[in-house]
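Observations on the three-dimensional arrangement
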Amino acid sequence: MSLQGKTLFISGASRGIGLAIALRAARDKANIAIAAKTATPHPTLPGTIYTAAEEIEKAGGTALPIICDIRDEEQVKSAIDQTAAKFGGIDILVNNASAISLTNTQETSVKKYDLMHSINGRGTWMVSKYAIPHLIKSGKNPHILNLSPPLSMKEAWFKDNVAYTMSKMNMSMCVLGMAGELRRHKIGVNALWPLTLIGTAALTQVGDMSNMKLRTPDIIADAAYEVFLKDSSKFSGNFLVDELFLRREGFTDMDKYAPGERKFSPDFFLPDEVLKEIDELRATQGWN
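Scope of this entry: the structure provided in the associated data block. All figures in this text were calculated on a predicted structure; none of them were measured in a lab. Note that residues are indexed from 1 along each chain, following the sequence as it is written. Per-residue local features of the predicted model are confined to residues with pLDDT of at least 70, and side-chain atom pairs are confined, for both listing and counting, to 80 or more; whole-chain, interface and lining totals are unaffected and use all residues. Excluding hydrogens and water, the side-chain figures rest on all heavy atoms present in the structure.

**Let's talk about the overall build of the chain**
Secondary structure is summarised from DSSP: a helix means a run of H or I of at least four residues, a strand means a run of E of at least two, and numbering begins at the N terminus for each. A tally of helices and strands in the chain yields nine helices and seven strands. Put simply, the radius of gyration uses C-alpha atoms, and a globule should come to 2.2 Å times the residue count raised to 0.38. Whereas a compact globule of 288 residues would reach a radius of gyration of roughly 19 Å, the chain reaches 18 Å, a difference of no more than 12%. Taking the principal axes of its C-alpha atoms as reference, the chain extends roughly 45 × 45 × 40 Å. We call a residue buried when its accessible area falls under 20% of the maximum for its residue type, exposed when it is over 50%, and partly exposed in between, using a 1.4 Å probe and counting protein chains only. For the chain, the proportion of its 288 residues judged to be buried stands at 54%. Taking the intrachain contacts of the chain between residues at least 6 apart in sequence as the baseline, contacts between residues at least 24 apart amount to 73%. Accessible surface computed for the chain: about 12900 Å², of which carbon and sulfur atoms make up 52%. In what follows, residue pairs with any heavy atoms lying within 4.5 Å of each other are defined as contacts. Accessible surface area values rest on a Shrake-Rupley calculation with a 1.4 Å probe, where residue burial reflects the displayed protein chains alone.

**A short note on unusual backbone geometry**
A positive phi angle is found at Lys186, which is not glycine, with a value near 60°. Summarising the element assignment, Lys186 is placed in the loop between helix 6 (162-182) and strand 6 (188-193). By relative accessible area, which is 53% here, Lys186 ends up exposed. The backbone of Phe269 shows a phi angle near 70°, a positive value even though the residue is not glycine. Along the chain, the position of Phe269 falls in the loop between helix 8 (242-248) and helix 9 (272-285).

**Here we look at the environment of Met126**
Looking at the secondary structure, you find Met126 in helix 4 (residues 110-138). Using a relative accessible area of 3% as the deciding quantity, one classes Met126 as buried. Taking the C-alpha atoms as reference points, Met126 and Arg71, 55 residues apart in sequence, are found 8.4 Å from one another. With residues up to four places along the chain from it excluded, the contact list for Met126 reads Ile70, Arg71, Asp72, Glu73 and Val76.

**Regarding the side chain of Thr48**
Tracing the backbone through its elements, the reader meets Thr48 in the loop between strand 2 (31-36) and helix 2 (49-58). Taking relative accessible area as the criterion, Thr48 reaches 7% and is therefore assigned buried. Excluding residues that lie within four positions of it along the chain, Thr48 makes contacts with Ser14, Thr38, Ala39, Thr40 and Pro41.

**What to know about helix 4**
Between the first and last residue of a helix there are one fewer steps than residues, each counted as 1.5 Å, and that sum is the expected span. Between the first and last C-alpha of helix 4 there are 40 Å, a value that for 29 residues agrees with the 42 Å anticipated at 1.5 Å per step. Throughout, the bend at a residue refers to the angle made by two axes, fitted to the seven residues ending there and to the seven starting there. The principal kink in helix 4, of about 45°, is found at Gly123. Count one or two residues on from helix 4 and you reach Gly139, which has phi positive near 70°.

**Some points on the layout of surface pockets**
Using a grid of 1 Å spacing that covers the protein atoms alone, one calls a set of points a cavity when a 1.4 Å probe fits there but cannot get out, and a pocket when the set is open and has protein on both sides within 12 Å along at least five of seven lines; lining residues are those with an atom within 4 Å of a point. Grid points are joined across faces, edges and corners, and a volume is the space filled by probe spheres set on the points. What the second largest pocket holds in volume is close to 150 Å³. Lining the second largest pocket we find Arg24, Arg27, Asp222, Tyr225, Glu226, Leu246, Phe251, Thr252, Asp253, Lys256 and Tyr257. By residue number, the principal contributor to the lining of the second largest pocket is helix 7 (residues 218-229), which donates three residues. Gly falls in the polar group here, along with every residue not listed as nonpolar (Ala, Val, Leu, Ile, Met, Phe, Trp, Tyr, Cys, Pro) or charged (Asp, Glu, Lys, Arg). Its residues assigned to classes, the lining of the second largest pocket comprises four nonpolar, one polar and six charged.

**Brief notes about the pairing of strand 3 (residues 62-67)**
Should DSSP find at least two bridges between two strands, the strands are taken to pair. In this sheet, strand 3 lies alongside strand 2 in parallel orientation, the contact comprising six bridges. Each bridged residue has a counterpart across the sheet, and for Ala35 the counterpart in strand 3 is Ile66. With strands facing away from the observer, any crossover in which the path from the first strand over the helix to the second runs clockwise is taken as right-handed. Since strand 2 and strand 3 lie parallel, the crossover through helix 2 that links them has a hand, and here it is right-handed.

**Regarding a nonpolar patch on the surface**
On the surface, Leu151, Met153, Met173 and Leu176 cluster together into a nonpolar patch covering about 410 Å² of accessible area. You can call Leu176 exposed: its relative accessible area is 54%. Residues enter patches when they are more than 30% accessible in relative terms and free of salt bridges; like-charged ones are connected within 9 Å and nonpolar ones (Val, Leu, Ile, Met, Phe, Trp, Tyr) within 5 Å. Salt bridge, as used here, is a side-chain nitrogen of Lys or Arg placed within 4 Å of a carboxyl oxygen of Asp or Glu.

**Examining the pattern of salt bridges**
In total, this model carries 13 salt bridges according to the counting rule given. Asp69 is the salt-bridge partner of Arg71, the closest N and O atoms lying 2.9 Å from each other. Residues joined in a network through salt bridges with shared partners are Arg24, Asp28, Asp222 and Lys256.

**Focus on the sheet that holds strand 7 (residues 239-241)**
Pairing is parallel in the open sheet, where seven strands are placed in the order 3-2-1-4-5-6-7. The two strands at the open ends of the sheet, each matched to only one other strand, are strand 3 and strand 7. On average, each strand axis in the sheet is inclined to that of its neighbour by 20°, with strand direction left out of account. Here strand 5 (residues 143-146) runs beside strand 6; their pairing, made up of four bridges, is parallel. Paired with Asn146 across the bridge in strand 6 is Ala191. Those strands touched by helix 1 (residues 16-26) are strand 1 (7-11), strand 2 and strand 4 (92-95), and its axis lies near 170° from that of strand 1. Only C-alpha atoms enter the line fits that serve as axes; for helices the fit covers just the stretch in contact. Angles between N-to-C directions range over 0 to 180 degrees.

**A few points about the packing of aromatic side chains**
Working definition: rings of Phe, Tyr and Trp (its six-membered ring) pair if their centres are within 6.5 Å, and the pair is stacked with planes under 30 degrees apart, edge-to-face with planes over 60 apart, and tilted otherwise. Throughout the structure, instances matching the rule amount to five aromatic pairs. With a centroid separation of 5.7 Å and 50° between ring planes, the pair formed by Trp193 and Phe269 is classed as tilted. Placement of Trp193 in strand 6 and of Phe269 in the loop between helix 8 and helix 9 is noted, with a sequence separation of 76 residues between them. Trp193 gets classed as buried once you look at its relative accessible area, which sits at 6%. Relative to Phe269, the ring of Phe268 lies with its centre 5.8 Å away and its plane at 50°, an arrangement referred to as tilted.

Put into structure tokens, the structure is as follows:
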């Protein structure tokens, strides 16, 4: 099975994790709609929807760059319609676009709160809403994948950055609800989250990461690809963690995502049982 001839709609795909997922799909000659705001070069972040399209085409895919702010309903509807018109439908939706501010309640401005919630929670829900009719018609193993964490109501994840955590858990609640809602249509709805911090240009906007051990976005892209190959009628409602999912699927070469590194700081929102299973699998499977 491959993604050849399938159409992916990816929000926030002009750079970072979204672009990595697009490039992995492009190797199968997939069609990819790049829905993002960046049409002209950002002063500090690399990449636009047009440079992303060039990379996707070079990798073997067919790209459709679309200027789209997922906070704007009309722009979302137009982007979905453009994608379906060009490629004849939509088979896979990736809700990747996200905003972050690791600040406590007093330090979080209302403007920043609104930004995170309008992109992370509302944006994910709205893009899904308008993509669903096309996914129902797909007939090609349709999937929705949200880049969001395992659902957890632990105080530890909320106390330092209440607004951000709320917004990311909203994305995960979309997975929980839509998996049930869309099961009768055989649409797989899952979440994917990194075990470690991922080295993207956007991460530098959060703070100094020079001393952190980071992995490349390729680990997320490889995990997402394996999700897309799963039978969507049976594989749904899962909250996946990249390395754990890949190891469960039989992939043990983790060294390629951060050559020579063995010790990483875990990302936010990871349950203790995930960390325990990872340690056990690393001990038995190794790294290569």
